[in-house]
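Each chain, written out:
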Amino acid sequence: MPLHAQLPQKTQRELIPTGNYPARIYEIIELGTVDSQWMGEPKKTHKIRIGFELPTEKRVFNEEKGEQPMVISKEMALSFGDLAGLRKIIEAVEGRKITDAEAVNYDVLEILGKPLLVTVAHSEPNEQGIVYANATTFSPLIKGLTVDPLTNKTRVLTYENWDEELYNSLPDFLKEKMSKTPEFKNRGNKFEVPTVKVDIEDDGSVDDPKF
């Protein structure tokens, strides 16, 4: 009699509805140098993950805490090229175009807590019928629009300023991805290039994480 293994069953989580949302940046995680693709070619890309809190979309996740804002995250290259997603986020926060001269010394951690508009779109269903919500575009706030203060505490994790407790609190899929990077092996050490500074080189990475 054959013995067959079963695939783990995934359930559809409640999605953030599609639309444009006022948001604040509450989290920046340095993932490190990971394998990626650009124009069909494999490459190594230094990536970060930025988390956005959406104060107008609240749900009860814990009865004791009551309503809390939903969050959404996006992975992107630590690059300030013209097509880079990070540059678009910085310019949305600043409300203007950033010059290459400014980009050279821009500390990405300065955007923590800053407001912007985030557009959320839904993916096509995958083979298991699961749909994902993705942060797709970023824009400056409309004049006169205010955004509530953060509910979540800001969270920052870089390899130069390592926090083991914060790392252990991350989802398993993120910890697994980070553990395979060369930066992880040298965490807590000083690097020749500060990890919170961005490169001017255009990366063009448009990968969306599937959360």
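The shown structure was predicted, so the numbers you read here are calculated from the model rather than taken from an experiment.

> Quick one: what's the story with the nonpolar core, residue by residue and with numbers?
Counting residues in each nonpolar core, the largest one holds 30 residues, and the members touching the most others are I25, I50, F52, I89, I111 and L116. Breaking this core down by element, the ones donating at least two residues are β1 (19-38), β2 (41-62), β3 (66-77), α1 (85-94), β4 (115-122) and β5 (133-139). No other element matches α1, which puts 5 residues into this core. Apart from residues no more than four positions distant in its own chain, I25 is found in contact with I50, G51, F52, I89, V93, I111, L112, G113, K114, L116 and L150. Counting 11 residues, the second largest nonpolar core, distinct from the first, contains L157, W162, M178 and F184.

> Can you tell me about the pairing of β1, naming the residues and giving the values?
When you tally the buried positions in β1, you get 14 out of 20 residues, the bulk of the element. Two strands pair when backbone bridges link them, and β1 and β2 are joined in this way by 13 bridges, in the antiparallel orientation. Across the sheet, the residue bridging to T33 is H46, located in β2. Between β1 and the antiparallel strand that follows it, β2, lie 2 residues; M39 among them carries a positive phi value of about 55 degrees. As paired strands, β1 and strand β6 (residues 155-157) are joined by 3 bridges and run parallel to one another.

> Please give an account of the packing of aromatic side chains that cites residues and values.
Scanning all chains against the criterion turns up 6 aromatic pairs. When the centroid spacing of 5.8 Å and the interplanar angle of 85 degrees are considered together, the rings of W162 and F184 count as edge-to-face. Of the two residues, W162 is situated in the loop between β6 and α3 (164-169) and F184 in helix α5 (residues 182-185); the sequence distance between them amounts to 22 residues. Among the aromatic side chains, those forming a connected cluster through ring pairs are Y159, W162, Y167 and F184. Over the aromatic face of F184 sits the side chain of R187, whose NZ or CZ is 3.9 Å from the ring centroid.

Parameters at a glance
Residues numbered from 1 in each chain as written. Predicted model: local features only at pLDDT ≥ 70, side-chain atom pairs only at ≥ 80, totals over all residues. Heavy atoms only, no water. Core = buried A, V, L, I, M, F, W, Y, C linked by side-chain atoms within 4.5 Å. Buried < 20%, exposed > 50% of the residue type's maximum accessible area, 1.4 Å probe, protein only. Helix = DSSP H or I, 4+ residues; strand = E, 2+ residues; numbered from the N terminus. Contact = heavy atoms within 4.5 Å. Pairing = 2+ DSSP bridges. Phe/Tyr/Trp six-rings, centres within 6.5 Å; stacked < 30°, edge-to-face > 60°. Lys NZ or Arg CZ within 6 Å of the ring centre and 35° of its normal.

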